[in-house]
Amino acid sequence: MKTYLRLAGAVIAAFAASPAFSAQEPFLPAEKAAAILADGAPWSALAPDGKALKVTLAKDGTGSIRGPMPFALSISWTVKDDAMCISGKMGTRCLRFRSAPGGLQGWDGDKPDLKFSR
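Predicted, not measured: the structure shown is a model, and the values here were computed from it. (Residues numbered from 1 in each chain as written. Predicted model: local features only at pLDDT ≥ 70, side-chain atom pairs only at ≥ 80, totals over all residues. Heavy atoms only, no water.)

Novice: Would you mind going over the pattern of salt bridges with me for this structure?
Specialist: Where side chains of opposite charge bring their charged atoms close, a pairing between them can arise. For the structure shown, the criterion picks out four salt bridges. In this structure, the salt-bridge partner of Arg93 is Asp113, at a minimum N-O distance of 3.1 Å. Note that Arg93 is positioned in strand E6 (residues 91-100) and Asp113 in strand E8 (residues 111-117), a separation of 20 residues in sequence. (Salt bridge = Lys/Arg side-chain N within 4 Å of Asp/Glu carboxyl O. Helix = DSSP H or I, 4+ residues; strand = E, 2+ residues; numbered from the N terminus.)

Structure representation (structure tokens):
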């Protein structure tokens, strides 16, 4: 009986240590996320509603975004507190980021938002 309890305890400990059950990783510092994203090369960005966008951010705080429309829109970005804010004619979106396979996952509060990947 004691052997089974030890085995059960070991299995529970192994599951608790796995990424699926552990606490989510912390957000990247906004400056680090900006340095990754603002490299002048286009990123594929997937919006929560399924829209695919092409976003290019330059180190100088400027950029462009292409989506379903046949033309690019100018945008700007800045680091504000713990978030990276992207502004354009459609408004401003301030996101915090976590690492994701192939890129970064943006978060608006506690909800996933734009996912940037290459």
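This is not the end of the story, as more comes after the structure.
Novice: Looking at this structure, how should I read the sheet that holds strand E2 (residues 52-57)?
Specialist: Two strands in a sheet stick together by hydrogen bonds in their backbones, pointing the same way (parallel) or opposite ways (antiparallel). Pairing in this closed barrel of eight strands is antiparallel, and the strands run E1-E2-E3-E4-E5-E6-E7-E8 around the ring. Geometrically, the sheet is characterised by an average inter-axis angle of 35° between neighbouring strands, direction not taken into account. Inspection of the sheet shows E2 paired to strand E3 (residues 62-66) by four bridges, in the antiparallel sense. Bridge assignment links Lys54 to a residue of E3, and that residue is Arg66. Against the sheet, helix H2 (residues 30-37) makes contact with strand E1 (42-46), E2, strand E4 (73-80), strand E5 (83-88), E6, strand E7 (103-108) and E8, and its axis sits at roughly 50° relative to E5, the strand it touches most. (Pairing = 2+ DSSP bridges. Axes fitted to C-alpha atoms, helices over the stretch in contact; angles between N-to-C directions. Contact = heavy atoms within 4.5 Å.)

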